[in-house]
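# Summary of structural features
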Amino acid sequence: MPELITHTMKSAPKITLNADIFSIDQIPAAMDNMGWKVAPQLMRHWFSGKPAKGFTEATKNTYNDGTGNKYSITACK
């Protein structure tokens, strides 16, 4: 089981947590295990579709410049 090391504040001591890590495509199975009916079907449908538009590095930079701003400075010039 992977260990995650985290802390809640910069001055707080670090805490080691044991956690199961899974990928996003495993979420529908987890929803099934919780007895959910519609959500896993919707998520599987969503995963099975083709993207309407490709997501490239340039597209990513258009929407996020890494500073938390929604749009990059270069995209607004």
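### What about the overall build of the protein chain?
- Across its full length, the protein chain holds four helices and two strands.
- For the protein chain, the α and β elements follow one another from N to C terminus as β-β-α-α-α-α.
- Here the protein chain holds 77 residues, and the buried ones make up 10% of them.
- A separation of at least 24 residues holds for 0% of the contacts in the protein chain among residues at least 6 apart in sequence.
- Per element, the accessible surface of the protein chain, about 7,000 Å² overall, is 60% carbon and sulfur.

### Observations regarding the environment of F47
- Its place among the elements puts F47 in helix α2 (residues 38–48).
- With a relative accessible area of 32%, F47 lands in the partly exposed category.
- Expressed as a C-alpha distance, the spacing of F47 and P28, which sit 19 residues apart in the sequence, is 9.9 Å.
- If sequence neighbours within four positions are ignored, F47 has contacts with I24, D25 and P28.

### Topic: the pattern of salt bridges
- According to the stated counting rule, one finds one salt bridge in the structure shown.
- Close ionic contact of D32 with R44 constitutes a salt bridge, the shortest N to O distance being 2.5 Å. Here D32, found in helix α1 (residues 27–33), pairs with R44, found in helix α2; they are twelve residues apart in sequence, far enough to count as distant.
- Owing to a relative accessible area of 36%, D32 belongs among the partly exposed residues under this scheme.

What counts, and where the lines are drawn
Residues numbered from 1 in each chain as written. Predicted model: local features only at pLDDT ≥ 70, side-chain atom pairs only at ≥ 80, totals over all residues. Heavy atoms only, no water. Helix = DSSP H or I, 4+ residues; strand = E, 2+ residues; numbered from the N terminus. Buried < 20%, exposed > 50% of the residue type's maximum accessible area, 1.4 Å probe, protein only. Contact = heavy atoms within 4.5 Å. Areas by Shrake-Rupley, 256 points an atom, 1.4 Å probe, with all protein chains shown as cover. Salt bridge = Lys/Arg side-chain N within 4 Å of Asp/Glu carboxyl O.

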